[in-house]
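# Fold and geometry: a report
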Amino acid sequence: MAWSNQKTVLAAGAGIALVIGVGLAVLFVARTPKPSGPPPASQGGLQISVNNTPPANSNKKLLCYVNDAPVGELSLADCARQNGVLEGALDVGLDDNGNLAAAPTASLAPPPTLPPAVALPPVAQPSAPGAIPAEPRQAASQASPLPAQARAGSGGGACLRFSNGEWRQVSGSMGLNDCVQALFAGRCLHPGEADYGRYGDTTLRLVPGRVEQAYDNAHFHTVVEQRRGTCEIPSAH
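Residues numbered from 1 in each chain as written. Predicted model: local features only at pLDDT ≥ 70, side-chain atom pairs only at ≥ 80, totals over all residues. Heavy atoms only, no water.

Attention now moves to the sheet that holds strand β2 (residues 69-75). On the basis of which strands lie adjacent, the open sheet formed by four strands has the order β2-β1-β4-β3 and mixed pairing. Each end of this open sheet is capped by a strand with a single partner; those strands are β2 and β3 (90-94). Here the strands of the sheet are splayed against their neighbours by 30 degrees on average, with no regard to which way each runs. Across five bridges, the pairing between β3 and strand β4 (residues 100-104) is antiparallel. Bridging across to β4, G93 finds its partner in A101. Where helix α2 (residues 76-83) meets the sheet, its contacts fall on β1 (61-66), β2, β3 and β4, and the angle it forms with β2 comes to roughly 140 degrees. (Pairing = 2+ DSSP bridges. Helix = DSSP H or I, 4+ residues; strand = E, 2+ residues; numbered from the N terminus. Axes fitted to C-alpha atoms, helices over the stretch in contact; angles between N-to-C directions. Contact = heavy atoms within 4.5 Å.)

Structure follows, in structure tokens:
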């Protein structure tokens, strides 16, 4: 009889332990944080940034664009010859289909027509040689905005953005670096693309990897390189 009672106690203890174990397991699972999004395997293909594209080898073949159209896979040197430019004048990166491609700088986005010149406001002339206008401070304030050519030489120029087929003023007077940042900071472009702006009497443009400037709206030189791997633009001077 005593042995029967011991078996009953042992069975009851085992049952209680099992219930406690199951309860702890359920509590642990309930408190385990669940992932906020779908599993990585369900999110499609690899996302690649144009600015992460490694520099192309001159002998490695890639899709070449000439006159805004693909002409097949050529080496970077041959693609440059097909376009009649130096290798450094080609933009290299991924096109819209994910192909490693090369195209002449801004070939798909030529410089837009320049904005109309801002007329110089009339300035009161002295009544006699050597005379000083009665209110020079007021006259200076009424002469705003000055033409871009006049402001650029004094450390500040008009900053304009070209967007949707028209020029829009960002600021009436700001420094070159501030204008570059206001126009292009945080933007990355594909090969052949370009974004345009104006600073003073010069044209600014963003192409993949750098910001350029031209005094004649045609021949551009590099102002500042865009950091690889990001869309950040260092200070331009």
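Now that the structure is up, let's keep going.
The next point concerns the packing of aromatic side chains. Taken as a whole and judged by the stated rule, the model has two aromatic pairs. A cation sits over an aromatic face here: R205 above F220, 3.9 Å from the ring centre. (Phe/Tyr/Trp six-rings, centres within 6.5 Å; stacked < 30°, edge-to-face > 60°. Lys NZ or Arg CZ within 6 Å of the ring centre and 35° of its normal.)

Now for the side chain of R210. With respect to the element layout, R210 can be found in strand β9 (residues 210-214). Engagement of the side chain of R210 in a polar contact is seen with the side chain of E212, the distance being 2.8 Å. (Polar contact = N/O pair within 3.5 Å; in protein donor to acceptor, adjacent residues only side chain to side chain.)

So, on to the pairing of β4. In terms of burial, β4 is a largely internal element, four of the five residues being buried. Between the end of β3 and the start of β4, which pair antiparallel, lie five residues, with G98 showing a positive phi angle near 85 degrees. (Buried < 20%, exposed > 50% of the residue type's maximum accessible area, 1.4 Å probe, protein only.)

Next up on the list: the state of the cysteines. Here the structure, examined in full by the defined rule, presents three disulfides. Between the sulfur atoms of C64 and its disulfide mate C79 the distance is 2.1 Å. Measuring handedness by torsion sign, the sulfur bridge of C64 and C79 sits at about 80 degrees and is right-handed. With C64 in strand β1 and C79 in helix α2, this pair connects stretches of sequence that are 15 residues apart. Residue C64 is classed as buried on the basis of its relative accessible area of 0%. Two residues, C188 and C231, share a disulfide whose sulfurs are 2.0 Å apart. In this structure, the disulfide formed by C188 and C231 twists by about -125 degrees around the S-S bond and is classed as left-handed. (Disulfide = S-S within 2.5 Å.)

The sheet built from six strands is open, its strands ordered β6-β5-β7-β8-β9-β10 with antiparallel pairing. Since the sheet does not close on itself, it has two edges, and those belong to β6 (166-174) and β10 (221-225), each with one partner. Each neighbouring strand pair of the sheet contributes to a mean axis angle of 25 degrees, computed without reference to strand direction. Bridge count for strand β5 (residues 157-163) against β6 is six bridges, and the pairing is antiparallel. Residue S163 lies in a different strand from β6, and its bridge partner there is E166.

The next point concerns the environment of Y196. For Y196, the position within the fold is in strand β7 (residues 195-199). Relative accessible area serves as the criterion here: at 5%, Y196 is assigned to the buried category. Linking Y196 and L206, residues ten residues apart in sequence, is a C-alpha distance of 6.5 Å. Excluding its chain neighbours within four sequence positions, the residues that come into contact with Y196 are A106, A109, P110, P111, P112, R161, F162, F184, T203, L204, R205 and F220. Engagement of the side chain of Y196 in a polar contact is seen with the backbone oxygen of A109, the distance being 2.9 Å.

Along helix α5 (residues 176-184), the residues that are buried comprise L176, C179, V180, L183 and F184. One side of α5 holds all its buried residues, which, seen down the axis, span an arc of 100 degrees. A positive backbone phi angle near 85 degrees is found at G186, which sits one or two residues after α5. (Arc of directions from axis to C-beta.)

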